[in-house]
Amino acid sequence: MNYYSLNHKAPNTTFKDAVIKGLAPDKGLYFPETITPLPQSFFDNIDNLSHSEIAFEAIKQFVSPEIPEDVLKTIVEETLAFDFPIVKLNDNISTLELFHGPTMAFKDVGARFMARCLGYFNKENTNEVTVLVATSGDTGGAVANGFLGVKGVNVVILYPSGKVSEIQEKQLTTLGQNIKALEVDGVFDDCQDMVKRAFLDKELTSKMQLTSANSINVARWLPQLFYFMFAYKQLHKEHKDIVFSVPSGNFGNVCAGMMAQQLGLPIKHFIASNNDNNVVTNYLQTEEYIPKPSVQTISNAMDVGNPSNFIRIQEIYKKEFTSLKNNLSSYSFSDEETKTALKEIYDKYDYVADPHGAVGYLGCKAYLKNNPNTHCVFLETAHPTKFLDVVEEVIEEKQPLPKQIQAVIGKTKEATKISSYKELKNFLLK
Ligand SMILES: Cc1ncc(COP(=O)(O)O)c(C=O)c1O
Ligand SMILES: N[C@@H](CCOP(=O)(O)O)C(=O)O
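The shown structure was predicted, so the numbers you read here are calculated from the model rather than taken from an experiment.

*Asks:* Quick rundown of the UniProt feature "domain: Threonine synthase N-terminal" (unreviewed entry) in the chain? Include the residues and the values.
*Replies:* Here, the residues flagged by UniProt with the feature "domain: Threonine synthase N-terminal" (unreviewed entry) are residues 2-79. As annotated, residues 2-79 has a helix share of 46% and a strand share of 12%, and its two end C-alpha atoms lie 23 Å apart.

*Asks:* Any details on a negative patch on the surface? Residues and values, ideally.
*Replies:* Negative charge collects at one region of the surface, where Glu-166, Asp-389, Glu-393 and Glu-396 lie side by side. By the element assignment, Glu-393 lies in helix 18 (residues 388-395).

*Asks:* Give a description of the sheet that holds strand 3 (residues 30-32) that names residues and reports values.
*Replies:* Hydrogen bonds between backbone atoms are what pair the strands of a sheet, whose relative direction is either parallel or antiparallel. Spatial ordering of the open sheet is given by 2-1-3, a layout of three strands whose pairing is antiparallel. Sheet topology places strand 2 (13-14) and strand 3 at the edges, where each strand pairs with a single neighbour. As paired strands, strand 1 (residues 2-5) and strand 2 are joined by two bridges and run antiparallel to one another. Among the inter-strand pairings, Asn-2 is bridged to a residue of strand 2, identified as Thr-14.

*Asks:* Can you lay out the site of ligand 2 for me, pointing to particular residues and giving the numbers?
*Replies:* Around ligand 2, the structure places Lys-107, Thr-135, Ser-136, Gly-137, Asp-138, Thr-139, Phe-188, Asn-214, Ser-215, Arg-220, Asn-250 and Ala-301. For the shell around ligand 2, the class distribution of residues is two nonpolar, seven polar and three charged.

*Asks:* For the site of ligand 1, give the residues involved together with the corresponding values.
*Replies:* Among the 15 residues in the neighbourhood of ligand 1, the closest are listed as Lys-107, Asp-138, Gly-249, Asn-250 and Thr-381. The separation between an oxygen atom of ligand 1 and a polar side-chain atom of Lys-107 is 2.3 Å. Here Phe-251 contributes a backbone N or O atom positioned 2.8 Å from an oxygen atom of ligand 1. Here ligand 1 loses 98% of its free accessible area of 380 Å² to cover by the protein chains. Residues belonging to the shell around ligand 1 are distributed by class as follows: six nonpolar, seven polar and two charged.

The rules behind each value
- Residues numbered from 1 in each chain as written.
- Chains lettered and ligands numbered in written order.
- Predicted model: local features only at pLDDT ≥ 70, side-chain atom pairs only at ≥ 80, totals over all residues.
- Heavy atoms only, no water.
- UniProt positions renumbered as here; feature names shortened; annotations may be inferred.
- Helix = DSSP H or I, 4+ residues; strand = E, 2+ residues; numbered from the N terminus.
- Patch = residues over 30% accessible without salt bridge, like charges linked within 9 Å, V, L, I, M, F, W, Y side chains within 5 Å.
- Areas by Shrake-Rupley, 256 points an atom, 1.4 Å probe, with all protein chains shown as cover.
- Salt bridge = Lys/Arg side-chain N within 4 Å of Asp/Glu carboxyl O.
- Lys, Arg positive; Asp, Glu negative; His and termini not counted.
- Charge placed at Lys NZ, Arg CZ, Asp CG, Glu CD.
- Pairing = 2+ DSSP bridges.
- Near = heavy atom within 4 Å.
- Nonpolar A, V, L, I, M, F, W, Y, C, P; charged D, E, K, R; others polar.
- Polar contact = N/O pair within 3.5 Å; in protein donor to acceptor, adjacent residues only side chain to side chain.

Okay, structure coming up:
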């Protein structure tokens, strides 16, 4: 598959090149030249396919011919070494748990997939690659874990100081080896801007091969489309009109769901559920896209003021506002509403959600008011114990720590503080 830049000022390129570069030379995000729907027989037979078989068929066209089929099979099998269960709350609402991976966040799948693709490409490549990542909480930990010890790859993670949870910070600052953390005096958007600026810095790019492991990178972003297929497999016999409520920040996940739909997955509608960072909610109301500085919330991984994947969503809908609006609704919820939802989910359904999932649940409830005959699946994008202080305070109960969280809790943080792009550049050149 070849990819083009959404800024249309760079040459089209291969999957391999798009993964190694991350961002196109004209600063545009890469997008696949074609999307060929899967045959109807794939969906008719989905009950008989394993997660790895579904993922292999779904991603094949996007990575071939650079990744041979036998290698791709191994990559998806290793990537998907954990479960993706649906938990039903009532006849209209289910949740898809995406937190059973090593860092208990949905980012584990994309990070593990991309690490393996890069590892494969690096076998032939003697040059070292530096992976730059901006994180508002979860991407950093997942990438640190996914890339730990991958030969020829150095990872540098930028995170906003004081704006990630304690456990998220441990996950991204304690692994050592080829993983380095930079604690940025700023918000997530400052981290993301610095990363994008580094890609345009000729002095840097002439000295090192930089790539991104944010959803900017097609190998991090596209595997997220698997989730929607896994949910469909578990629900389609019981429910016809399936709607997904996706807690959204950088909009990579909901955009990946739209790619699954482009492949033919029968999804009735998407809901982008936001916290107070509501640029897209506002856009759908006003048709004006106005990025703004992010504000801090209890669903911190969604604190994004200028979502980088919005441009990919516009590409899917050919910038036609009405067709986007027919397929996507968006609601925004305050921290108080999120806390009330966490409590409600616990009291009514005996289920402990995390703050991001709770925002997704609120999105389902808002949509179902006018669409009562649909089934809404909200994505549980992280495990509740990653946000212990909020969750335990709201449900007034101690939570047992899963082994993945216990493994990092006593470790010592190692991070370098920076407050400007110049400091990032000096760090990289060191
Ligand atoms: C727990 C959690 N929920 C939701 C999101 C938002 O996902 P996206 O950036 O793909 O919109 C993130 C971060 O990306 C996250 O870590
Ligand atoms: N919410 C993210 C922000 C970065 O998103 P990405 O999908 O583009 O990596 C995080 O947790 O870091």
